[in-house]
Structure formats: C-alpha cells, structure tokens
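Chain residues, written in single-letter form:
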Amino acid sequence: MLESLQQRKNLIYSLPTSGGKTLVAEIMILQELLCRQKDVLMILPYVAIVQEKIRGLSSFGVELGFLVEEYAGSKGRFPPIKRRVKKSLYIATIEKGHALVNSLIETDRISDLGLVVVDELHMLGEGSRGAILEITLAKILYTSENTQIIGMSATLNNVGDLQKFLRAEYYTSNFRPVELKEYVKIRDTIYAVDSKTENGFTFSRLLNFKYSSCLEKADPDHIIALVTEVIPNYSCLIFCPTKKNCENVASMVCKYLKKEFRAHREKEKQDLVENLKNIGNGSVCPVLKQTIPFGIAYHHSGLTNDERKSIEEAYSSGVLCLLACTATLAAGVNLPARRVILRAPYVANDFLKKNQYKQMIGRAGRAGIDDAGESILIVQEKDKHLVRDLVNSPLENCYSNLLLELTKGMQSLLLSLVGLKIAVTCEEVNNFMCGTLLGVQQQLLSKEKSLSEVIKDGLENLIEKGLLKGRISEKDHNSKCTLTITPLGKATYKGSIDLAYCNLLYRDLKKGLEGLILESNLHLLYLATPYDVTSSCSPDWMIYLRQFNQLSAAEQKVADIVGVPESFITKKASGQAIRKNVDSAVVNRLYLTFVLYTLVKETNIWNVSEKFNMSRGYVQNLLNSAASFASCLLHFCEELEEFWVYKALLTELTKQLTYCVKTELIPLMEVAGVLEARAKQLYNAGYKTLAHLANANPETLIKMIEHLSRRQAKQIVSSAKMLLSEKAEALQEEVEELLKVPTDIPGTH
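Calculation criteria
Residues numbered from 1 in each chain as written. Predicted model: local features only at pLDDT ≥ 70, side-chain atom pairs only at ≥ 80, totals over all residues. Heavy atoms only, no water. Helix = DSSP H or I, 4+ residues; strand = E, 2+ residues; numbered from the N terminus. Rg over C-alpha atoms; globule rule 2.2 N^0.38 Å. Buried < 20%, exposed > 50% of the residue type's maximum accessible area, 1.4 Å probe, protein only. Contact = heavy atoms within 4.5 Å. Disulfide = S-S within 2.5 Å. Core = buried A, V, L, I, M, F, W, Y, C linked by side-chain atoms within 4.5 Å. Domains from an automatic or database assignment. Pairing = 2+ DSSP bridges. Axes fitted to C-alpha atoms, helices over the stretch in contact; angles between N-to-C directions. Phe/Tyr/Trp six-rings, centres within 6.5 Å; stacked < 30°, edge-to-face > 60°. Lys NZ or Arg CZ within 6 Å of the ring centre and 35° of its normal. Salt bridge = Lys/Arg side-chain N within 4 Å of Asp/Glu carboxyl O. pLDDT = per-residue confidence, 0-100. Parallel < 35°, antiparallel > 145°, perpendicular 65-115°, else oblique. Left-handed = near helix turned anticlockwise from the far one by under 90°. Nonpolar A, V, L, I, M, F, W, Y, C, P; charged D, E, K, R; others polar.

Novice: Which residues make up the overall build of the chain, and what values go with them?
Specialist: Within the chain one finds 34 helices and 19 strands. On C-alpha atoms alone, the chain measures out to a radius of gyration of 28 Å, which is about the 27 Å that the 2.2 N^0.38 rule sets for 749 residues. A principal-axis box enclosing the C-alpha atoms of the chain has dimensions of 95 × 65 × 65 Å. Considering the chain as a whole, with its 749 residues, one finds that 53% of them fall into the buried category. Taking contacts inside the chain between residues at least 6 apart in sequence as the whole, the part at least 24 apart equals 71%.

Novice: I'd love a proper account of the state of the cysteines, names of residues and values included.
Specialist: Tallied over the full model, the rule gives zero disulfides. Between Cys-537, a free cysteine, and Cys-660, which holds the nearest cysteine sulfur, the sulfur-to-sulfur gap is 18 Å. Taking relative accessible area as the criterion, Cys-537 reaches 7% and is therefore assigned buried.

Novice: Quick rundown of the nonpolar core? Include the residues and the values.
Specialist: With 126 residues, the main nonpolar core has Met-433, Phe-636 and Leu-657 as its most contacted residues. Take this core: its biggest share by element is twelve residues, from helix α28 (residues 616-638). Among residues more than four places away in sequence, those in contact with Leu-657 are Leu-525, Leu-596, Val-600, Leu-623, Ala-626, Ala-627 and Ala-630. Counting residues in each nonpolar core, the second largest holds 73 residues, with Val-230, Leu-320, Val-391 and Trp-606 among its members.

Novice: Quick rundown of the domain arrangement of the chain? Include the residues and the values.
Specialist: With domains assigned, the chain is organised as domain 1 (3-172), domain 2 (179-392), domain 3 (410-494), domain 4 (501-660) and domain 5 (664-739). Distance between the C-alpha centres of domain 1 and domain 4: 35 Å.

Novice: Would you mind going over the sheet that holds strand β2 (residues 39-43) in detail, with residue names and values included?
Specialist: Strand order across the open sheet formed by seven strands is β3-β4-β2-β5-β6-β1-β7, with parallel pairing between neighbours. Lying at the two open borders of the sheet, with one neighbouring strand each, are β3 (66-70) and β7 (168-172). If you compare each strand with its neighbour and ignore which way they point, the axes differ by 15 degrees on average.

Novice: Please give an account of the sheet that holds strand β14 (residues 339-342) that cites residues and values.
Specialist: Strand pairing in a sheet is mediated by backbone hydrogen bonds. Such pairs are either parallel or antiparallel. The mixed open sheet is built from eight strands, whose spatial order is β10-β9-β8-β17-β14-β11-β13-β12. Since the sheet does not close on itself, it has two edges, and those belong to β10 (201-206) and β12 (296-299), each with one partner. In this sheet, adjacent strand axes meet at a mean angle of 25 degrees when their direction is disregarded. Where strand β8 (residues 179-186) meets strand β9 (residues 189-193), four bridges bridge the pair, whose relative direction is antiparallel. Residue pairing for β9: Lys-185 is matched across the bridge by Ile-190. Taken strand by strand, helix α12 (residues 305-316) contacts β11 (236-239), β12 and β13 (322-325), and its axis lies near 135 degrees from that of β12.

Novice: How would you summarise the packing of aromatic side chains if you had to cite specific residues and measurements?
Specialist: The final tally for this structure, using the stated rule, is 13 aromatic pairs. On the basis of an interplanar angle of 65 degrees and a centroid distance of 5.1 Å, the ring pair of Phe-209 and Tyr-211 is categorised as edge-to-face. Look at Phe-209 and you get partly exposed, because its relative accessible area is 34%. For Tyr-211, a relative accessible area of 19% translates into the label buried. Ring centres 5.3 Å apart and planes at 15 degrees place the aromatic pair Tyr-501 and Tyr-531 in the stacked group. With a gap of 30 residues between them, Tyr-501 in the loop between α20 (487-494) and α21 (502-514) and Tyr-531 in the loop between α22 (522-527) and α23 (541-549) connect regions that are remote in the sequence. Residue classification places Tyr-501 among the partly exposed positions, given a relative accessible area of 24%. With relative accessibility at 8%, the residue Tyr-531 sits in the buried group. Here the guanidinium or amino end of Arg-129 rests over the ring plane of Tyr-46, the centre of that ring lying 5.1 Å away. Arg-262 extends its terminal NZ or CZ atom over the ring of Phe-294, reaching a point 5.1 Å from the ring centre.

Novice: Before we move on, could you go through the pattern of salt bridges and cite the residues and values that matter?
Specialist: Going through the model one piece at a time under the given rule, you end up with 30 salt bridges. Between Glu-169 and Lys-9 there is a salt bridge, with the nearest N and O atoms lying 3.9 Å from each other. In this pair, Glu-169 is assigned in strand β7 and Lys-9 in the loop between α1 (3-6) and β1 (10-14), connecting sequence segments 160 residues apart. Accessibility expressed as a relative area gives 35% for Lys-9, which makes it partly exposed. In this structure, the salt-bridge partner of Glu-229 is Arg-205, at a minimum N-O distance of 2.9 Å. With Glu-229 in the loop between α8 (223-228) and β11 and Arg-205 in strand β10, the pair connects residues that are 24 residues apart, well separated along the chain. Judged by its relative accessible area of 27%, Arg-205 falls in the partly exposed class.

Novice: How would you explain the confidence of the model for the chain if you had to name every residue and give the values?
Specialist: Model confidence for the chain is summarised by a mean pLDDT of 88, while 96% of its residues fall at 70 or above. Considering each helix and strand of the chain separately, the mean pLDDT is smallest for helix α13 (residues 327-332), with a value of 72, and largest for α22, with 97. Ignoring residues within four places in sequence, the model shows residues 72-83, a span with pLDDT below 50, making 32 contacts including any to other chains.

Novice: Please set out the environment of Tyr-687 residue by residue, giving values where relevant.
Specialist: As for its position among the elements, Tyr-687 is in the loop between α31 (676-684) and α32 (690-694). Note on Tyr-687: relative accessible area 11%, which makes it buried. Put simply, Tyr-687 and Lys-181 are 506 residues apart on the chain and 51 Å apart in space, counted from C-alpha to C-alpha. Setting aside chain neighbours within four positions, we find Tyr-687 in contact with Leu-668, Leu-682, His-692, Leu-693, Ala-696, Thr-700, Leu-701 and Met-704.

Novice: Please give an account of the packing of helix α16 (residues 407-419) against α20 that cites residues and values.
Specialist: Between α16 and α20, the least distance of the axes is 10 Å, while the angle of their chain directions is 110 degrees. Between α16 and α20, the angle falls in the class roughly perpendicular. In this structure, α16 meets α20 at a crossing whose hand is left-handed. In contact with Leu-415, Ser-416 and Gly-419 of α16, α20 contributes Gly-489, Thr-492 and Tyr-493. Taken together, the residues of the contact of α16 with α20 sort by class into two nonpolar, four polar and no charged.

Put into structure tokens, the structure is as follows:
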C-alpha cells in the first residue's frame, strides 16, 4: 500500500530476518506478471536458493500462465529470447542475472522487463559478486526508464548511498513475528544482551547441568548442556566456524546423548539413512550414519546438493532436531530453530561481522510455532571485549567494489558498455559512471585520481589488451572520439570471461588448434577447467602420479603438451628437488582436469571424491563450475571465426559436464526438480522420455517410485508438461517462420 509503490518508484526495504520480506517480494512479482503483464527478474545470492525458489514457484506459473525460468546456466539451457506470448519470471544468481540483462539490452528488449527484485541488496558491498550486481543495476537504470527496482536489504548504516544510486525510497520496520532473545555464554554463565546497560550484558542464569570430569574434557564449551535443554522436542542449530568443526560437534554430541534419543521417530530416521544411501549409489557418510539415529546431522558445502536437500527436508519435518552447520546455511536456506547456538564468534579464521551475526541469530524462532526464539553466542574470555563491540555495534556500511574487483568490476563494465553500445565515447562513459554506486561514493577514490582519470586508465588498459579500438586524447578527457570493440573484446564479454584470463584463454585455445588430442576428452576437459579454481587446489603427488600412469600413451602426451612433463610428476611424488621451472597454475589445473576426467568417465561423485581425497561437495562444485565455464567458452568461440571447430566439440562437452550422467538420463534431467538419483529411479520404472513424464499419473508415480511425496510427483508432472509445451511452441514458431511469405519478392510491389 506504500505511496511510492503505487507510483512505481524504486524501493529499498529492510525487515528483520523472518519479518516476511520474501512474501512482500512474491506478491509484487505476481502483481507485475499478472496485472501489468511484464517480465520479472528475481536475483538471489546462491544457486541453491535459486533452485529452491524455482521449485516453489513453478507450479504457480503453470496454474497462472507464466513461465518460470532458471537463467542460471546450470541446465545449460539459456531461454530462447524470442517474442513470446507468455510472460516470464526469470530467477537467477547474480552472474546469470547480469548475462540476462546484457542479452535483453542487446536485443532491445530491456523495456519488457517490468520489475527487478534483488534479495540481499547489501551484497553490493561483497567482493566480485557485489561488483557484478552493481553493474547489472546500473545498466538497468541507464537503459530502461520503466523498469522498477526493488531491493531487500539488511539494515545498513549508509543506506542513503544506496538510495541515491537506485533513486529509491526507503522503508524499514522492526516487525518480527517472533520475539528474539540474544544471549552470550562465558564459562558457565549466561548473560542477556542488553544495549541499555553500561557493559552491554546483564546476568541471566547459571548452567545447571552436571558434568563429569571426562565430559568436561570432551565438551569444555557445554554444548551438550545447551542442546539438551531444547532437543528432541524442539529444534536447534549450531553454527560452527569450519566444515570439520561441524562434523566433530555432531559426532561429539551424539556420543554423550542418552539412549532414549534414538527412539524418537526411529523409523523415519532409518528411511533418511536409506534415502542418503540411494543418493550416494550405495555409500553413506560414516559421520551421518552415526549421528542421524540420534536426530543429528551436519550441513555444509561438503555435501552434494541432493544430500543437502534430504537433510533439510528431514530437519523441517522434525525428524532431525539438531543441525551443526557453517555460515552458508544462514545466508542460504530458510531453516528456523527454537534455539540458535554460535559455537564461536568466527567464520573460518575471521572474526564475525555484524551482518553475519544478524543473519545467524535471525534463524531463531519459528513463526507460528514458537512464542520466542533465542540465540546463544559462546565466547572465550579472551574475546569478551570484541564480542561486546560486535553485539552492540552499529551497522556496517556498504561500499562499491567496482575498483577493488578490477577485472570483474571496472574493466569488464567498461568493455561491455562499449560492446553493448550503451556508451561509446569518453563523455558517455563518464555520464554512465556517475550513475553507479561508485559514482555516488566518489569520496572513496584516492586523492590522486578523479573518477574520469580512473575511467581513462581503464579504457587505455582495454585498448592495450586488444579488447577495444580507438584513441583517447590526452588533452581533453571528454573527447567525442568513438570507441569500438574488437572481436576478442566481443568474445570476452559475450562469454562472460574474467578479463584477468581472456588473453591466456585465447593463447590456450590457439595452441590447442595446433595439436588437439581427441583420442579421449582429456585435452578438451583441460581447456574447460576453470582458471579461477586452480589457486585453491594443492595436488596430492602420489595420487597425481597414479592417475597419470593410468592414462593411455596419447593421453599422457596431453600432459606434456600443456606443460606438465612426466618427469616433473615423478620427481614430485618421490620428493626430489626440481631444477626446471614448471608453471604451478598449469600443474594444478591439469590435476583438476584429472578429477573431471574421472568423474565424466565414472559419473559417481563418491568414488571420485575417495580417489582424490576431496569432499563430495568440492567435487560437485568443480563439476558445476566446469559446466558453466564450458558454456562460456562456447559463447567465446562463437564470436571468433578462427575457433569454429571448437563449437561442435564444446556443445557436446557442455552437455556431458552439465548432466554428468549416462546419456539416456539427460532428457529426464531437463525437468525442473529431477536430479540424477531421481532420474535413475524414473528410467528404471519405465518413464524413459519427457512425454512419459508429461503424461504420467501422479498417483501411479507415487506407487512406483520410493521416497516420492505427492507434492513432488505433481510437480514433476507439471514441470514436464510445461517443458514439453515450451519445446512444442519453439518448433511451432520455426514452422511459422518458414511459411511466412517474404514481403520483398522481386516483381511484386
């Protein structure tokens, strides 16, 4: 009912976690699609949330007649951008949202976008994602007058800057359906957080739990005492600084719980273990096998998506009552709890930031279930003063990251401004830049350089790299000289290639043309192994050597061609000194290629993670980033005549990496909500094609497929129907296109 919304002004609003901000967003989205008949883009911070949202909203779309599309490349199916009758709700991560906006600007369809909703607007201040989000919003503001932008944000100190940037009104409220009580625990005393008192804490109570000396050693932080006050009848989350710590806490707690915990919903817990076994092709993590019978599990990025989903569902329905998790859970999935415990005021090795703290404690208190939620932060004596500041400190500021993230920020923005012809002279580029968040926060720039000088440096750098053509005159910054993009520049922004790597990529592909080994897909996979993951990898040399020795002679030649000689691996594995210089980025990249190669061959994440001694989640993330990098490469090569041969090769490779399953399952996995384990079940039950699924009876599905709820069955059928009609419509359009009578037939007027 806000006046500003009635007038279609841009809006930023802040509500506490669980204050209903998602509901508001969804109502506005439906209003836009159904009443104003315009497309909508919803930008979310994590792939997992994008997928959850799509599952949640696609059945709405089927009933109300709009398309819900994931513009997230994870399925490799970029929506065909044609004029369509149906309106679309695009749900995307930040990167893919940017790609969508670029393609709408390029095809002159940005004005079809009626509304953009950004969840977690304060991400503008976070690294490269922040820079890409800023670029996306600045482009929309500059190129489309009638696109409304609505941002949901944590409460920020300098929200005024964001208002100026987005030309937006601001609305905030402290409404929270469930009261939240904050506590801090030091030794065996619990204090209530109270900003009104002098030192910020007031005494609340002492823990009354009898500890034996042996238990005191195992659990010096009294986690068991804090947990047993709420579980199994109520739910509890423990946030831990690291993944390993999550697993340790989960096993430690169940070692000391009384046996009666096992009896609580025993059958359902056995089903959960069975389900995890199915997902893992017969393997289950030993820690989970030990903890789930007690109603306890860990939750972090070392799990695969399917495992995570099963654990989340079991927690939501009360089968599991305690999750030990890392901070990503707080930012990602909506899993509330009666009590939230923060194991330590750290995320990995960094001291907790205010917005992270807010996000974690915000999970306490379940609307409609609890009358209050509580958070308890466990603190060591030495961190007492830091915690006092944290709990009572004012909020953080949000600053532009365009300059900090040079290649993904400023430079890639300048490149695409020229490429999309949004701004092609220095003067136009300067005008555009004044409308960014950086433009609003110019005081952040160092004293030596003004914004226009920073821009000039950036453009010169792009000209030097061979991505732009044109002259920038010294005397007059606001020159009218027109800049144009080179083929390499165009390929770079079309493929969303990080500018830090575009020249290297070009050289690697060029070198590949001189001798690509195609006996197996090893060489191609090397080219599709993302550059930016190599720094975080440290090879195990014995495993490296073992994998190398299993290759055929032609495949071993690949290692030599890319610059990792056999002698190097052998020496490393036997711990000898190495005289020759070998590029460690290449060595690490090839190691990760071996992981992908094994994965594509065996398609079993469990086996591969054991072989390489890596977590399953890491292997799965590597696979996802390789799949999306392969599709970026494909777009890159499509722009460069000399790389035509890569197009066919990369099309197939992208498919292989995207699904990483036996080919016959691919058609089933195109359906939203069908992942590998499910696709296998369906295929084995005789549902072998999209048409089988679209025409299935949900009741029969439930009978045939284990662990399939009625809701999931209906959703699979409706998603399949939708996909089938989309494919048919696309072919229908091609037919019409073919039969259209040309208007310029010679000899007719």
